[in-house]
Amino acid sequence: MSDASQEPQASALIAPAGRLDASAVPALDRKLSAALEAGFRHLTVDLSQVTYISSSVLRCLLLAHRQADQQESYLELVQVHPRLMDTFELCGFDRILHCSPPSLPSVV
Amino acid sequence: MTSTQHEICVTSELANLANIGVFVSERARLSGMSEKQVFQVQMAVDEACTNAMVHAYQGDPEGEVRVCCYLEGNEFVVEVVDQGQVFDATAVPEPDLGKPIEDRDIGGLGLFFMRKLMDSVVFATPSEGGNQVIMRKRIGGRSS
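Residues numbered from 1 in each chain as written. Chains lettered and ligands numbered in written order. Predicted model: local features only at pLDDT ≥ 70, side-chain atom pairs only at ≥ 80, totals over all residues. Heavy atoms only, no water.

Draft legend 1. Inspection of the pairing of strand β3 (residues 75-82) of chain B at higher detail. Residue and element names in this part refer to chain B. Extensive coverage of β3 is indicated by the burial of 7 of its 8 residues. Where strand β2 (residues 64-72) meets β3, 8 bridges bridge the pair, whose relative direction is antiparallel. By the bridge assignment, V67 is partnered in β3 with V80. Hairpin connection from β2 to β3: 2 residues lie between these consecutive antiparallel strands, with G73 at a positive phi of about 60 degrees. Both β3 and strand β5 (residues 131-138) contribute to a ladder of 8 bridges, which runs antiparallel. (Buried < 20%, exposed > 50% of the residue type's maximum accessible area, 1.4 Å probe, protein only. Helix = DSSP H or I, 4+ residues; strand = E, 2+ residues; numbered from the N terminus. Pairing = 2+ DSSP bridges.)

What follows is the structure, encoded as structure tokens:
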């Protein structure tokens, strides 16, 4: 019988809030990198409380997406406000970054 | 005809981007723009100011960034001025959004957004040095 507490967690949730401009990149990057380096296979970024995303943050998400792909992890963005989705669509990121409901995440 | 100019002047700390965003959004909203247009103007200005802080001042938080808003006819005009190193925006290639993600160069997105979201973006080098970006958006015009 396996001990569930000894098994690596499969998924993680990051839930930033507010305005994500260039000043928010270091903290977000640290969280994304920590989750990916910890080996989470499914990383969900909940954007429900985010009101703004700048290109610096999009770059940060794109780099995290690349890293996730390289280690065969899955990064998705959920609860994206329509106005933020406009931004994603404008630069084509909506075709790159996945959007789907999270599966039993645990907070990083 | 040009309206009264409204201005905010901050140091080049990234933490000041939020204050600039509030200022520009208020001015754009008062000009009669839709909320979507207000969001777009705010984003374009945020990108211009980030360029000033990151590239012109190269991260030095002691620089000065000045943002000035006014109406000219049916256009909302925003000028972003810094005294940092001259930044040649024309030397920055547009991102190739058609490339696969693994091949894509991730630079140039800020300038891409500025050009996409505003009707006009002009880069100038004032005689006293630094950089000046003049952006215009027609009130009630395109918002995509």
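Draft legend 2. Up close: the sheet that holds strand β3 (residues 42-46) of chain A. Residues and elements named next belong to chain A. Taken together, the 3 strands give an open sheet; going across it, the order is β1-β3-β5, and neighbouring strands pair in parallel fashion. The sheet is open, and its two borders are formed by β1 (11-14) and β5 (74-78), each paired with just one other strand. Pairs of neighbouring strands in the sheet enclose a mean axial angle of 20 degrees, with direction left out of account. Taken together, the 5 bridges between β3 and β5 define a ladder with parallel strand orientation. Bridging across to β5, L43 finds its partner in L75. (Axes fitted to C-alpha atoms, helices over the stretch in contact; angles between N-to-C directions.)

Draft legend 3. Here's a closer look at helix α3 (residues 82-90) of chain A. Looking only at α3 of chain A, the buried set comprises L84, T87 and F88 of chain A. Here the buried residues of α3 of chain A occupy an arc of 100 degrees about the axis, which is enough to place them on one side. Packed against the buried residues of α3 of chain A are β4 (49-53), α2 (55-70) and β5 of chain A together with α2 (35-56) and α3 (109-117) of chain B. Looking one or two places after α3 of chain A, you find G92 of chain A, whose phi comes out positive at around 80 degrees. (Arc of directions from axis to C-beta. Contact = heavy atoms within 4.5 Å.)

Draft legend 4. Just the sheet that holds β5 of chain B, in detail. All names here are of chain B. Strands sit in the order β1-β2-β3-β5-β4 across an open sheet of 5 strands; the sheet is antiparallel. Every interior strand has two partners, whereas the edge strands, β1 (6-11) and β4 (120-124), have only one. Geometrically, the sheet is characterised by an average inter-axis angle of 15 degrees between neighbouring strands, direction not taken into account. In this structure, β1 lies alongside β2, joined through 6 bridges in antiparallel fashion. Residue pairing for β2: V10 is matched across the bridge by V65.

Draft legend 5. A look at the confidence of the model for chain A. All names here are of chain A. Overall, the prediction assigns chain A a mean pLDDT of 84, with 82% of residues at 70 or greater. Below pLDDT 50 for its whole length, residues 1-7 participates in 1 contact with residues either more than four positions away or in separate chains. In the predicted structure, residues 100-106 sits below a pLDDT of 50 and forms 20 contacts with residues beyond four places in sequence or in another chain. (pLDDT = per-residue confidence, 0-100.)

Draft legend 6. Highlighting unusual backbone geometry. Residues and elements named next belong to chain A. Phi is positive for E72, close to 60 degrees, though the residue is something other than glycine. Its place among the elements puts E72 in the loop between α2 and β5. Residue E72 is classed as exposed on the basis of its relative accessible area of 62%.

Draft legend 7. Focus on the interface of chain A and chain B. On the side of chain B, 23 residues touch chain A, which itself brings 25 residues to the contact. Summed over both partners, the interface of chain A with chain B comes to about 2,200 Å²; 65% of that surface belongs to carbon and sulfur atoms. Our count for the contact surface shared by chain A and chain B stands at 2 salt bridges. Where D46 of chain B meets R19 of chain A, a salt bridge forms, and the shortest distance between an N and an O atom there is 2.8 Å. Inspection of the region where chain A meets chain B yields 5 residue pairs in polar contact (both at pLDDT 80 or more). Those elements that place two or more of their residues in the side of chain A that touches chain B are β4, α2 and α3 of chain A. In terms of residue count, α2 of chain A provides more of the side of chain A that touches chain B than any other element does, 8 residues in total. Taken together, the residues of the side of chain A that touches chain B sort by class into 11 nonpolar, 7 polar and 7 charged. (Buried area = accessible area lost by both parts, 1.4 Å probe. Salt bridge = Lys/Arg side-chain N within 4 Å of Asp/Glu carboxyl O. Polar contact = N/O pair within 3.5 Å; in protein donor to acceptor, adjacent residues only side chain to side chain. Nonpolar A, V, L, I, M, F, W, Y, C, P; charged D, E, K, R; others polar.)

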